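Here are the chains, one letter per residue:
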Amino acid sequence: MRMPAAVGDGWHVGIVSVLAQETRTVLDVLRIPDKRRFHTGRMAVPGGVTYLVVSPPAGPNGVSNALAGLCARYDPAVVVLVGGGHEHPVAANDVVVTSGREPVEGAVGTFFAASGEPASLPGYGGGTAFRVFRGLTGDGEVPRFCSRATTRRGNPLAWAVIRGVAGDAADRNAAQTLRYLIPYLRPRL
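Residue numbers run consecutively from 1 along every chain, following the written order of its sequence. Only residues with pLDDT of at least 70 get local features here, since the model is predicted, and only at 80 or more are side-chain atom pairs given and counted; chain-wide, interface and lining totals rely on the full set of residues. No hydrogens and no water enter the side-chain calculation; it runs on all heavy atoms of the structure.

Draft legend 1. Just the overall build of the chain, in detail. Within the chain one finds five helices and eight strands. Under the DSSP-based scheme used, a helix requires at least four consecutive residues in state H or I and a strand at least two consecutive residues in state E, with every element numbered from the N terminus. Walking the chain from its N terminus toward its C terminus, one meets helices and strands in the order β-α-β-β-α-β-β-α-β-β-α-β-α. Within the chain, the fraction of its 189 residues that count as buried is 53%. Whether two residues are in contact is decided by their heavy atoms, any of which lying within 4.5 Å being enough. When contacts within the chain are restricted to residue pairs at least 6 apart in sequence, long-range pairs at least 24 apart make up 76% of them. To sort residues, take the accessible area from a 1.4 Å probe on protein chains only and compare it with the maximum for the residue type: under 20% means buried, over 50% means exposed, and anything in between is partly exposed.

Here it is as structure tokens:
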């Protein structure tokens, strides 16, 4: 069994959410144990294992600080903001994905090529199916934070924002979307 990784030792995806409920939902959907501060886990996918780290809830206007703490401690190759409550002209509980730079851009493109656009995904735990769209989420903190990245150390190579559109399953559907995207991302890391 692999011991917890040290700083910079292969953390693939760092995940941030704003609200405590969104963080709990991410942990549930990705089956990551709830720990005291940062939550670490792994997901077996074709081509290997993806090591995941979830930060504590960022709180309103705290995404940049949460990303800084996550990247300083774990140095993930990719960071993802996951959550619900986004206002968008698609249906309630659907999901919008925005991404920047490789390897996330290619993973998102391959996901949509395989799944169709919009993609239809099953709801988590037998929930209602929902659609996933590419589009702008209006979350500017993640791209701004990542724009400073020139090297891997302390800066993610790429980013994504996955937001569920306002509805009772919005955050769960956003986390489920990340769960489906990870297998497309892993071979690119």
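Draft legend 2. Fine view of the pairing of strand β5 (residues 95-100). Counting buried positions along β5 gives six out of six residues, so the element sits mostly inside the fold. Along β5, one buried face is formed by Val95, Val97 and Ser99 and the opposite face, lined by Val96, Thr98 and Gly100, is buried too.

Draft legend 3. Up close: the side chain of asparagine 93. Relative to the helices and strands, asparagine 93 is located in the loop between β4 (78-86) and β5. A distance of 3.1 Å separates a polar atom in the side chain of asparagine 93 from the backbone nitrogen of alanine 170. In protein, a polar contact requires one atom able to donate a hydrogen and another able to accept it; more generally it is a pair of N or O atoms within 3.5 Å, and residues adjacent in sequence count only if both atoms are side-chain atoms.

Draft legend 4. Seen up close, empty space enclosed by the protein. Two kinds of site are reported from a 1 Å grid over the protein atoms alone, namely cavities, where a 1.4 Å probe fits but cannot get out, and pockets, open sets with protein on both sides within 12 Å along at least five of seven lines, and residues are called lining when an atom falls within 4 Å of a point. Grid points are joined across faces, edges and corners, and a volume is the space filled by probe spheres set on the points. Scanning all chains against the criterion turns up one cavity of 30 Å³ or more. At the level of elements, β4, α3 (104-115), β8 (158-165) and α5 (170-185) are the ones that each hand at least two residues to the lining of the largest cavity. When residues of the lining of the largest cavity are assigned to their parent elements, the largest contribution, four residues, is made by α5. Across the lining of the largest cavity, the residue classes break down as eleven nonpolar, no polar and no charged. Note that Gly is not counted as nonpolar here; it falls among the polar residues with everything else outside the nonpolar set of Ala, Val, Leu, Ile, Met, Phe, Trp, Tyr, Cys and Pro and the charged set of Asp, Glu, Lys and Arg.

Draft legend 5. Broad picture of the pairing of strand β1 (residues 13-16). On β1, burial covers both faces: Val13 and Ile15 on one face and Gly14 and Val16 on the other are all buried. The pairing criterion for strands is at least two bridges between them, as found by DSSP. Bridge count between β1 and strand β3 (residues 48-54): three bridges; the pairing is parallel. For valine 13, the partnering residue across the bridge sits in β3 and is leucine 52.

Draft legend 6. Region of the structure containing the nonpolar core. Here, the term nonpolar core denotes a set of buried Ala, Val, Leu, Ile, Met, Phe, Trp, Tyr and Cys residues that are joined through side-chain atoms within 4.5 Å. The biggest cluster of nonpolar side chains holds 36 residues, and the ones touching the most others in it are Ile15, Leu30, Val80, Val82, Val132, Ile162 and Leu178. If you look at the next biggest cluster of nonpolar residues, it comprises 20 residues, including Phe38, Ala58, Phe145 and Trp159.

Draft legend 7. Looking closely at α3. For a helix, the expected span equals 1.5 Å multiplied by the number of residues minus one. Its twelve residues place the ends of α3 16 Å apart at the C-alpha level, agreeing with the 16 Å of an ideal helix rising 1.5 Å per residue. Looking only at α3, the buried set comprises Val104, Gly106, Ala107, Val108, Phe111 and Phe112. Downstream of α3 by one or two residues, glycine 116 has phi in the positive range, about 90°.

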